[in-house]
Amino acid sequence: MSWFGNFFASRFLVKAQAQAEDEDIVDPQETLKEKCRLKPKCVALKERLEECNNRVNSKKQTAETCAEEVYDWFHCVDHCVSHDLFKQLK
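First, a word on what this report is: a plain description of the structure on this page. None of these values were measured; they are calculated from a predicted model. (Residues numbered from 1 in each chain as written. Predicted model: local features only at pLDDT ≥ 70, side-chain atom pairs only at ≥ 80, totals over all residues. Heavy atoms only, no water.)

What about the nonpolar core?
Step number 1: Within the largest apolar cluster, 14 residues are counted, with the highest numbers of intra-cluster contacts made by Cys-36, Cys-66, Trp-73, Val-77 and Val-81.
Step number 2: Counting residues per element, the ones that place at least two in this core are helix 2 (28-36), helix 3 (40-58) and helix 4 (67-88).
Step number 3: A total of 6 residues in this core trace back to one element, the largest contributor, which is helix 4.
Step number 4: Setting aside chain neighbours within four positions, we find Val-77 in contact with Lys-33, Cys-36, Arg-37 and Cys-42. (Core = buried A, V, L, I, M, F, W, Y, C linked by side-chain atoms within 4.5 Å. Buried < 20%, exposed > 50% of the residue type's maximum accessible area, 1.4 Å probe, protein only. Helix = DSSP H or I, 4+ residues; strand = E, 2+ residues; numbered from the N terminus. Contact = heavy atoms within 4.5 Å.)

Take a look at the structure:
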């Protein structure tokens, strides 16, 4: 095999190894989000969002949106995650 073939073969091998290593990496933010979604305050806000969604979906015509409830729930989860996320980053 020529140096050209060896070059591409070695680049392919390095790329395959990097992809295998990437598959093992777990995003700490996703783990923390799952934990934070179970906090009582965030659970209550999620329930409020679901109630709003059910109310809006039950009407044929409405100007109501659940934007406030979505923002509140996302803020709760993100705020909770922010306490521990940066401690876990290298």
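Concerning the state of the cysteines
Step number 1: All told, the structure shown has 3 disulfides when counted by the stated rule.
Step number 2: Covalent S-S linkage joins Cys-36 and Cys-80, the inter-sulfur distance amounting to 2.1 Å. Around the S-S axis, the bridge from Cys-36 to Cys-80 shows a dihedral of about -75° and counts as left-handed. Highlighted residues: Cys-36 in helix 2 and Cys-80 in helix 4, separated in sequence by 44 residues. For the residue pair Cys-36 and Cys-80, the accessibility class agrees, reading buried in each case.
Step number 3: A disulfide bridge connects Cys-42 with Cys-76, and the sulfur atoms are separated by 2.0 Å. Given an S-S torsion of about -95°, the disulfide between Cys-42 and Cys-76 has left-handed geometry. Of this pair, Cys-42 sits in helix 3 while Cys-76 sits in helix 4, and the two are 34 residues apart along the sequence. Across the pair, exposure class does not vary: Cys-42 and Cys-76 are buried alike. (Disulfide = S-S within 2.5 Å.)

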